[in-house]
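For reference, the chains in residue letters:
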Amino acid sequence: MNDSGLNHLAPRDQIDLGLIAGTPIEALCGVNFVPTLRVGASGAADNPSLDVCTACECVMELIEEQNELAFKHRRVKAAIKAVKEAARLKVPA
Ligand SMILES: [Zn+2]
């Protein structure tokens, strides 16, 4: 439970640990709370009837954006490597 009156978000593995150990975890917004139940795939915890914390939602969106950028970065890096490899193969020895 948390006394902020909001449904905070936290990484799934942290929620699982908090549920098992009954110890506080840090929400994405920085608030510490002890998760009491697990809801949804997004990692939402605590009372689902409460409003989701907007700061947690904002951080979640930024994390998703960060993951997308990391994916694009890896794809671009692989494409650069492939172009370099193709160019290297065309150069006569
Ligand atoms: Zn929060």
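Residues numbered from 1 in each chain as written. Predicted model: local features only at pLDDT ≥ 70, side-chain atom pairs only at ≥ 80, totals over all residues.

All right, on to the overall build of the protein then. Within the protein, the secondary structure is distributed over two helices and four strands. What you see in the protein, going N to C, is helices and strands ordered as α-β-β-β-β-α. For the protein, the residues scored as buried account for 22% of the 93 residues in total. In the protein, the proportion of contacts linking residues at least 24 apart, taken out of those at least 6 apart, comes to 53%. (Helix = DSSP H or I, 4+ residues; strand = E, 2+ residues; numbered from the N terminus. Buried ≥ 20, exposed ≤ 12 C-beta atoms within 10 Å, placed from the backbone. Contact = placed C-beta atoms within 7 Å.)

Before going further, it helps to spend a moment on helix 2 (residues 54-90). The periodicity of an α-helix, 3.6 residues per turn, causes residues three or four positions apart to be oriented the same way. Here helix 2 is 37 residues long and its end C-alpha atoms lie 54 Å apart, about the 54 Å a rise of 1.5 Å per residue gives. In terms of burial, helix 2 is largely open, as just two of its 37 residues are buried. (Expected span 1.5 Å × (residues − 1).)

For the protein, the average pLDDT comes to 85, and 84% of its residues sit at 70 or higher. Per-residue pLDDT, averaged within each element of the protein, yields its smallest value for strand 4 (residues 44-45) (54) and its largest for helix 2 (96). (pLDDT = per-residue confidence, 0-100.)

Secondary-structure assignment places alanine 21 in helix 1 (residues 12-21). Along the sequence, alanine 21 and proline 35 sit 14 residues apart, while their C-alpha atoms lie 9.8 Å from each other.

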